[in-house]
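Descriptive analysis of the structure
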Amino acid sequence: MKRDLHQFQGRLSNHNHGTSSSSSSLPISKDKMMMVKKEEDGGNMDDELLAVLGYKVRSSEMAEVALKLEQLETMMGNVQEDGLSHLATDTVHYNPSELYSWLDNMLSELNPPPPGSHGLDPILPPPVAGDSSTITSIGGFPASDYDLKVIPGNAIYHQNQFPAIDSSSSSNNQNKRLKSCSSPDSMVTSTSTATQIGGVIGTTVTTTTTTTAAESTRSVILVDSQENGVRLVHALMACAEAIQQNNLTLAEALVKQIGCLAVSQAGAMRKVATYFAEALARRIYRLSPPQNQIDHSLSDTLQMHFYETCPYLKFAHFTANQAILEAFEGKKRVHVIDFSMNQGLQWPALMQALALREGGPPTFRLTGIGPPAPDNSDHLHDVGCKLAQLAEVIHVEFEYRGFVANSLADLDASMLELRPSETEAVAVNSVFELHKLLGRPGGIEKVLGVVKQIKPVIFTVVEQESNHNGPVFLDRFTESLHYYSTLFDSLEGVPSSQDKVMSEVYLGKQICNLVACEGPDRVERHETLSQWGNRFGSSGFAPANLGSNAFKQASMLLSVYNSGQGYRVEENNGCLMLGWHTRPLITTSAWKLSAAAH
Amino acid sequence: MSEKRISMVEKSNNKRQRVNQVPKFSINDHHDVLVEILRRLDGPSLCSAACVCRLWSAVARNDSIWEELCFRQVSPRPSLSLRSVVSALGGYRCLYFLCIRPVLARLPKLLWTRDQLQFSLSLYCVHYYERLYVGAWLGDAPPSSLMFLRKPVNVV
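Residues numbered from 1 in each chain as written. Chains lettered and ligands numbered in written order. Predicted model: local features only at pLDDT ≥ 70, side-chain atom pairs only at ≥ 80, totals over all residues. Heavy atoms only, no water.

What about the packing of aromatic side chains?
Residues and elements named next belong to chain A.
- In this structure the tally under the stated criterion is 20 aromatic pairs over all chains.
- Between the aromatic rings of Phe-276 and Tyr-484, the centroid separation amounts to 6.5 Å while the plane-to-plane angle is 65°, which identifies the pairing as edge-to-face. One end of the pair, Phe-276, is in helix H11 (residues 268-285); the other, Tyr-484, is in helix H17 (residues 473-491), and 208 residues separate them in sequence.
- We classify Phe-276 as buried; its relative accessible area is 0%.
- A relative accessible area of 0% means that Tyr-484 is categorised as buried.
- Seen from their ring centres, Phe-459 and Phe-536 are 5.7 Å apart, and the 65° between their planes marks the pair as edge-to-face. Highlighted residues: Phe-459 in strand S10 (residues 458-464) and Phe-536 in helix H19 (residues 529-539), separated in sequence by 77 residues.
- On the basis of relative accessibility, which here comes to 0%, the residue Phe-536 falls in the buried class.
- By way of ring pairs, the aromatic residues Phe-276, Phe-473, Phe-477, Tyr-483 and Tyr-484 are connected into one cluster.
- The lysine or arginine in question, Lys-314, covers the ring of Tyr-307, its NZ or CZ lying 4.7 Å from the ring centre. (Phe/Tyr/Trp six-rings, centres within 6.5 Å; stacked < 30°, edge-to-face > 60°. Helix = DSSP H or I, 4+ residues; strand = E, 2+ residues; numbered from the N terminus. Buried < 20%, exposed > 50% of the residue type's maximum accessible area, 1.4 Å probe, protein only. Lys NZ or Arg CZ within 6 Å of the ring centre and 35° of its normal.)

As for the nonpolar core
All names here are of chain A.
- Among the nonpolar cores identified, the biggest contains 138 residues, and Leu-280, Tyr-312, Phe-364 and Ile-586 are the most heavily contacted of them.
- No other element matches H11, which puts ten residues into this core.
- In this view, Leu-280 contacts Leu-236, Cys-239, Ile-243, Val-255, Ile-258, Phe-473, Phe-477 and Val-515; residues no more than four positions away in its chain are not counted.
- Counting residues in hydrophobic clusters, the runner-up holds 28 residues, among them Ile-337, Leu-416, Val-426 and Val-450. (Core = buried A, V, L, I, M, F, W, Y, C linked by side-chain atoms within 4.5 Å. Contact = heavy atoms within 4.5 Å.)

Focus on the environment of Gly-442 of chain A
Residue and element names in this part refer to chain A.
- Inspection of the secondary structure puts Gly-442 in the loop between strand S9 (425-431) and helix H16 (443-454).
- A residue is classified by how much of its surface remains accessible, and Gly-442, at 41% relative accessible area, is partly exposed.
- When the C-alpha positions of Gly-442 and Ala-409 are compared, they lie 8.6 Å apart, and in sequence the two are 33 residues distant.

Description of the UniProt feature "domain: F-box" (unreviewed entry) in chain B
- As recorded in UniProt, the sites labelled "domain: F-box" (unreviewed entry) are residues 31-69 of chain B.
- Taken end to end, residues 31-69 of chain B is 74% helix and 0% strand, and its two terminal C-alpha atoms sit 18 Å from one another. (UniProt positions renumbered as here; feature names shortened; annotations may be inferred.)

Looking at helix H2 (residues 31-38) of chain B
Residues and elements named next belong to chain B.
- Leu-34, Val-35 and Leu-38 are the residues of H2 that are buried. Down the axis of H2, the buried side of the element spans an arc of 100°, and every buried residue falls inside it.
- Taken together, the buried residues of H2 touch helix H3 (43-49), helix H4 (54-60) and helix H5 (63-71). (Arc of directions from axis to C-beta.)

Some details on the pattern of salt bridges
- Scanning all chains against the criterion turns up 18 salt bridges over all chains.
- Measuring nitrogen to oxygen at the nearest pair gives 2.8 Å for the salt bridge that ties Arg-419 of chain A to Glu-399 of chain A. Here the residue Arg-419 of chain A occupies a position in the loop between strand S8 (398-404) and S9, and Glu-399 of chain A occupies one in strand S8, the gap between them amounting to 20 residues.
- Two residues, Arg-39 of chain B and Glu-68 of chain B, come together in a salt bridge whose shortest N-O distance is 3.1 Å. You can see Arg-39 of chain B sitting in the loop between H2 and H3 and its partner Glu-68 of chain B sitting in helix H5, a full 29 residues away along the chain. (Salt bridge = Lys/Arg side-chain N within 4 Å of Asp/Glu carboxyl O.)

This is the structure:
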């Protein structure tokens, strides 16, 4: 106990030096001292000071109380620097049992924020003042529909401009969200210096800070994160439902709430919620993200970072390579057509395996297909040069051709300079590319037709294992929320680094495209293995089993990654699925031309 | 031998600077013998040996020592073409430190079969390929897909 007291006092004095001068800080610290002294008395007696206000806080819990107070003070200090000092000077107490009705009133009197105090987020322009009447329509909906019911005694909402909270977040995450609610005047209780305690305490005590008069803004702090996690998910679903029903005003208000709730979370949940909130906002305000092809060099870079941070792409490459290697057994000349060239990271491993196979390496020919680079640089050519360098080092005869195409559907088999199949065995490889064709009518059929014309010995496909291409927006939203939550969860184990941030941005772009875009712009149309299987089956392909070597490589890869905790490899009808705990996330499958198609 | 001992004593009594005529066997004079001995060591011992002195450190850079270490338990022995490939990619010593040792540390049982070897080689090859991007990689540090191997293992 004594030691806690000293530490606490030390923190207090540091803190006092740090804050900008405020008349409220000294009395608060004195109060804290008083509270802490009481702590040294009976451990289990209710704290006298707070008991006056109707709170039942055990003295033994006061250390935690004090810690939370300190946190609140820091946040208030930030608020002060933003020029909203009046928020810090007056503190008000509410009896927790009255919080439910208070929140009800709050929701029914939501007002738009004052124009000047908005965050710097261009995605959420301040709504026009005339919207205040429409937003109040929320009060008309029963709280249970949107699950905005507060759990009495627990919730505290904080309206604040938080500067970068998570320093490892990408710039996309640093949206400053401001939510303002009016103060129901009926709830104001008296203030006094003795009770100037702003604090947030676990499940027993709740307080709020608010202005007395003119500004009609309220600040609240969300603390109990588990409850708010559930609330956050419900808010996200409610917002999607509102969009589905074309109720954009409700959706708009919900998006802002999501912003506040998301900030209270930590880790994966916060990042996922922030990305989804941004995407929802883009959808509501019809701000489409920039065109994919302009961003291609960026997306290449992001994919490279994603490759390094987590095993998904490595899994894809290693398993596809194993299938191709086995299909190329005994062939003297081989040709790989890669629909997903990017940086060519898949091919060094295959070339090395071919170089070391029994009987010596074959002649290896690679055709890489990719979208045009924004600055018209021949980036596919550069990749080819590097692969050629590697090939020379490991003594593999190498031939390379790069094709630039806006979409795979623009390809024709005649362009690919195929040689007769007796002399050359061909494999076609596609990693996360085929789903982009589903937005164009006839796209996938054309590409599958081209693949059949190529007559490959094997066609390896790696795709995300989730149905994000349903006709109903709400279903897509739900599926993708679960999918990306799992994906972000799996990233949580990775130590923070620039790579990790870029990986998250990479996934965030997919989320944005999935939620905010429609029609041909929406390229992230993921489908499940069974859906792809039906598609391939009806196009004349038969599944080719991946074999135990691929499984072994995948298992090895995962056991090396962070001791393989959490990741699971499953075999499903000859295809391999990599998942996080029980949820499969990506699938590698191999296909060959069915006998009927020959 | 006793004659030699007498001559040793004489010489040490008389001319101490002519130590090289004293027929003591110093391993440091016989690098090939040293290499043969080091080839038979296991990983940790070899690393310790490489820290003994500059000479031993230089001798320990002999790639054949590390080749022996990598392939000791693998049978049948990989072909000679492997040696040229691995040397071109950076040598067995780098292969051991970058890929094989971390992989071995993380695999639950210390089975060292061709599969693990093949896996390590794939990782090594990707690593080499990424080196080719040095300077062309957005000004940052070159990409390193083997970074996941260097991170501390969460053994729960």
